[in-house]
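In case you want the letters, here they are:
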2 protein chains.
Amino acid sequence: MISKTLERRSGIAIWRQIADELRNEIATNVSVQNNRLPSETTLAKRFEVNRHTVRAALNALAKEGIVESRQGQGTFVRARKRISYPIGKRTRFSDGIGNQVQTTRGRLLNLSIDQATPEIASALYITPSSKVICLKTLSDADDMPLSRSTSWFCAKRFPDIGTAYQTTGSITKALTQCGIADYLRQSTEIEAHHATMADTEYLQLSPGAIVLVTQAINSDMEGNPIQFSTTRFAADRVSLAIINA
Amino acid sequence: MISKTLERRSGIAIWRQIADELRNEIATNVSVQNNRLPSETTLAKRFEVNRHTVRAALNALAKEGIVESRQGQGTFVRARKRISYPIGKRTRFSDGIGNQVQTTRGRLLNLSIDQATPEIASALYITPSSKVICLKTLSDADDMPLSRSTSWFCAKRFPDIGTAYQTTGSITKALTQCGIADYLRQSTEIEAHHATMADTEYLQLSPGAIVLVTQAINSDMEGNPIQFSTTRFAADRVSLAIINA
DNA sequence: GTATATTTGTTCGTATGTATT
DNA sequence: AAATACATACGAACAAATATA
């Protein structure tokens, strides 16, 4: 007999479904006593599967660095904190997570000059099909990829944003070089999706992993939008903190 | 030869990895022309898999209601909008999504009186181990489950919050009955996780699905926290909109 | 209208991976 | 460790519906 909630034919192997469930419970400290998971036989009974299957799940979690099994003792969780990424009027990447990690780094993956799509044009208050500069970047925290972004800027207003980013490795600093001393986050839209193939490659994720996708508009102090961007975070490495200042 | 980014032996069937990728591309309108997906044979060539495998992926997306295949014509995407859930100082469930759906409904799943854990106590500014009322609720939009919440209230201050919710089906109305005419969202923390077994059951999700998890604190107009809650949204049905008013 | 190409739908068989006993 | 059952993936062919020249 099989637990009702474990689905076969779902395209997700049973051991992986158990791994996902345990990862969740570890994150919320359910069924974890003294940093120790229940024994393999206990888990096998609970999920109504063979012990082999539980071992496959624990093996996967061990590879992710979440748990550690010690012969004769049991399976223990290894403490790992998510990086808290604050989102508010004054959202900035490096400042926001700066006190939680040692190093942050931004790399330019790609730069292109495109025609503004209707969506981008309406976000930036420019006429459709006017030129925009598109920056694809990858951000690391402590040499672990955290997020990848695609940002659009009005090409007329910020012709040198690309080189400015490349030399500084930071959007905020690049905007400063382009004459924007300060800016504000106008809106943020958040969704969660399964990782695409590009995500698994750039963010070093495994298939089935989750990305938090944000769409944001930043504007200058006069309220004119200057940047439209979508950012894809490795969901298991961050939590987004909304600040209602 | 196999595409590098499609991982075998990962515990996720290839057809499901392709389904995840296509779901993403449909959401961002990549590789969709005139509402039509590329043919099965071209997709099979692109992913370097057999056409059967592509068909399994499309079949899964059809079951989710995302695409529709018509013999001789092709596979078409069915328009479906996510419900936008605004998060700001004045976040309220029914008000926020009221103009996007016909009906909203809240049901009480469970009520219990517990000792406050350290986390809950510090969130509600009460002494640890004092009594709190715990409400587990399920919210529908147009008879489709959208989110499930667990909320904690100080039992001393809101002894009747449970019955008030049960009669009104709304936290806002229940708080009104308990003497809170108005309240503000103080903080919101957002994470994304794989659906747990309880999620798949209550929110009618399939294994491997995603939930957006928010932790929020609401406070009265004097700034005293009155409600601490965690909400789990079916990620494919909502997008969270952050308002920096 | 007819022939042809395109596209989805179906049925065999075979090999490999997954889960249980 | 080995045997068994089931799920997943591939390959080749053919049928049925539609589109196009």
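All values reported here derive from a predicted model rather than from experimental measurement.

### Some points on the overall build of chain A
Here is step 1: When its secondary structure is counted, chain A shows 8 helices and 10 strands.
Here is step 2: Dimensions along the principal axes, computed over C-alpha positions, put chain A at roughly 65 × 40 × 30 Å.
Here is step 3: The 245 residues of chain A split such that 52% are buried.
Here is step 4: Considering only contacts in chain A between residues 6 or more positions apart, those separated by 24 or more positions represent 56%.
Here is step 5: For chain A, the centre of its 30 positive side-chain charges and the centre of its 23 negative side-chain charges are spaced 5 Å apart.

### Digging into the confidence of the model for chain A
Here is step 1: Averaged over every residue, the pLDDT of chain A is 91; residues scoring 70 or more account for 98%.
Here is step 2: The lowest-confidence element of chain A is helix α4 (residues 93-98) of chain A, averaging 80 in pLDDT; the highest-confidence one is strand β9 (residues 225-234) of chain A, averaging 97.

### Focus: the sheet that holds strand β4 (residues 104-115) of chain A
Here is step 1: What the 8 strands build is an open sheet, ordered β4(A)-β5(A)-β6(A)-β9(A)-β8(A)-β7(A)-β10(B)-β3(B); its pairing is mixed. Taken across any chain shown, the strands that pair with only one partner, and hence form the sheet edges, are β4 of chain A together with β3 (83-87) of chain B. Neighbour-to-neighbour, the strand axes of this sheet turn through a mean angle of 20°, independent of strand direction.
Here is step 2: In this structure, strand β7 (residues 183-194) of chain A lies alongside strand β8 (residues 210-220) of chain A, joined through 11 bridges in antiparallel fashion. If you follow threonine 188 of chain A over to β8 of chain A, its bridge partner there is alanine 216 of chain A.
Here is step 3: Helix-sheet contacts for helix α6 (residues 161-168) of chain A involve β4, β5 (131-141) and β6 (144-154) of chain A, and the interaxial angle to β4 of chain A is about 165°.
Here is step 4: Here helix α1 (residues 14-27) of chain B sits on the sheet in contact with β7 and β9 of chain A, set at roughly 145° to β7 of chain A.

### Some details on the protein's contact with DNA strand C
Here is step 1: Close to DNA strand C lie 20 residues, the nearest being Ile14, Trp15, Asn50 and Thr53 of chain A together with Arg51 of chain B.
Here is step 2: Here, DNA strand C places atoms within 4 Å of the protein, and 66% of those atoms are sugar or phosphate.
Here is step 3: At 3.3 Å, a side-chain N or O of tryptophan 15 of chain A approaches a phosphate oxygen of DNA strand C.
Here is step 4: Contact distances for DNA strand C include 3.1 Å between a sugar or linking oxygen and a side-chain N or O atom of glutamine 71 of chain B.
Here is step 5: Every element with two or more residues in the surface near DNA strand C is listed here: α1 (14-27) and α3 (51-63) of chain A together with α3 (51-63), β1 (67-70) and β2 (74-77) of chain B.
Here is step 6: A per-class count over the surface near DNA strand C returns 4 nonpolar, 10 polar and 6 charged.

### Regarding the relation of the copies chain B and chain A
Here is step 1: Mapping chain B onto chain A is achieved by rotating through 180° and translating by 0.0 Å along the same axis, at an RMSD of 0.2 Å. Such a combination of turn and shift is consistent with a two-fold rotation axis. By C-alpha distance to the rotation axis, the residue of chain B lying nearest is isoleucine 12 of chain B, at 2.4 Å.

### Remarks on the sheet that holds strand β4 (residues 104-115) of chain B
Here is step 1: The sheet built from 8 strands is open, its strands ordered β3(A)-β10(A)-β7(B)-β8(B)-β9(B)-β6(B)-β5(B)-β4(B) with mixed pairing. This sheet does not close on itself; its edge strands, each paired only once, are β3 (83-87) of chain A together with β4 of chain B. In this sheet, neighbouring strand axes are inclined to one another by 20° on average, regardless of whether the strands run parallel or antiparallel.
Here is step 2: Two elements, β3 of chain A and strand β10 (residues 238-243) of chain A, share 5 bridges in a ladder whose sense is parallel. Bridging from a neighbouring strand, isoleucine 83 of chain A pairs with valine 238 of chain A of β10 of chain A.

### Regarding the domain arrangement of chain A
Here is step 1: The assigned domain composition of chain A is domain 1 (14-77) and domain 2 (83-242).
Here is step 2: Each of domain 1 of chain A and domain 2 of chain A has a C-alpha centre, and these two points are 36 Å apart.

### Some words on the side chain of serine 10 of chain A
Here is step 1: Along the chain, the position of serine 10 of chain A falls in the segment before α1.
Here is step 2: One polar contact links the side chain of serine 10 of chain A to the main-chain carbonyl oxygen of glutamate 7 of chain A, over a distance of 3.1 Å.
Here is step 3: Setting aside chain neighbours within four positions, we find serine 10 of chain A in contact with Gln17 of chain A together with Trp15, Arg16 and Pro207 of chain B.

### Observations regarding the pairing of β5 of chain A
Residue and element names in this part refer to chain A.
Here is step 1: β5 sits mainly inside the fold: 9 of its 11 residues count as buried.
Here is step 2: Looking at chain direction, β4 and β5 are connected through 11 bridges and run antiparallel. Within the sheet, the bridge partner assigned to isoleucine 113 lies in β5 and is isoleucine 133.
Here is step 3: Alignment of β5 against β6, held across 10 bridges, turns out to be antiparallel.

### Some thoughts on the nonpolar core
Here is step 1: The biggest cluster of nonpolar side chains holds 34 residues, and the ones touching the most others in it are Ile190, Leu212 and Leu240 of chain A together with Ile190, Leu212 and Leu240 of chain B.
Here is step 2: Setting aside residues no more than four positions away along its own chain, isoleucine 190 of chain B makes contact with Ile190, Leu212, Ser239, Leu240 and Ile242 of chain A together with Ile87, Leu212, Val213, Thr214, Leu240 and Ile242 of chain B.

### Comments concerning the packing of α1 of chain B against α3 of chain B
Residues and elements named next belong to chain B.
Here is step 1: Running from N to C, α1 and α3 cross one another at 55°; their axes reach a closest spacing of 8 Å. Regarding the angle of α1 to α3, the classification is oblique. As α1 runs across α3, the sense of the crossing is right-handed. Side by side, α1 and α3 meet where Ile14, Trp15, Ile18, Ala19, Leu22, Arg23 and Ile26 of the first sit next to Thr53, Ala56, Ala57, Leu58, Ala60 and Leu61 of the second.
Here is step 2: Among the residues making up the contact of α1 with α3, the classes are represented as 11 nonpolar, 1 polar and 1 charged.

### Notes on the interface of chain B and chain A
Here is step 1: Counting residues at the interface gives 51 residues for chain B, matched by 51 residues for chain A.
Here is step 2: Around 4,300 Å² of area is buried between chain B and chain A when both sides are counted, 55% of it from carbon and sulfur atoms.
Here is step 3: Looking only at chain B, the three residues that lose the most surface to chain A are His194, Met197 and Asn244 of chain B, adding up to 17% of its buried area.
Here is step 4: At the boundary of chain B and chain A, one finds 2 salt bridges.
Here is step 5: With its nearest N and O atoms 3.6 Å apart, the salt bridge here joins glutamate 191 of chain A to arginine 82 of chain B.
Here is step 6: Here chain B is connected to chain A by 20 residue pairs in polar contact (both at pLDDT 80 or more).

What counts and what doesn't
Residues numbered from 1 in each chain as written. Chains lettered and ligands numbered in written order. Predicted model: local features only at pLDDT ≥ 70, side-chain atom pairs only at ≥ 80, totals over all residues. Heavy atoms only, no water. Helix = DSSP H or I, 4+ residues; strand = E, 2+ residues; numbered from the N terminus. Buried < 20%, exposed > 50% of the residue type's maximum accessible area, 1.4 Å probe, protein only. Contact = heavy atoms within 4.5 Å. Lys, Arg positive; Asp, Glu negative; His and termini not counted. Charge placed at Lys NZ, Arg CZ, Asp CG, Glu CD. pLDDT = per-residue confidence, 0-100. Pairing = 2+ DSSP bridges. Axes fitted to C-alpha atoms, helices over the stretch in contact; angles between N-to-C directions. Near = heavy atom within 4 Å. Polar contact = N/O pair within 3.5 Å; in protein donor to acceptor, adjacent residues only side chain to side chain. Nonpolar A, V, L, I, M, F, W, Y, C, P; charged D, E, K, R; others polar. Least-squares fit on C-alpha atoms with pLDDT ≥ 70 in both. Domains from an automatic or database assignment. Core = buried A, V, L, I, M, F, W, Y, C linked by side-chain atoms within 4.5 Å. Parallel < 35°, antiparallel > 145°, perpendicular 65-115°, else oblique. Left-handed = near helix turned anticlockwise from the far one by under 90°. Buried area = accessible area lost by both parts, 1.4 Å probe. Salt bridge = Lys/Arg side-chain N within 4 Å of Asp/Glu carboxyl O.

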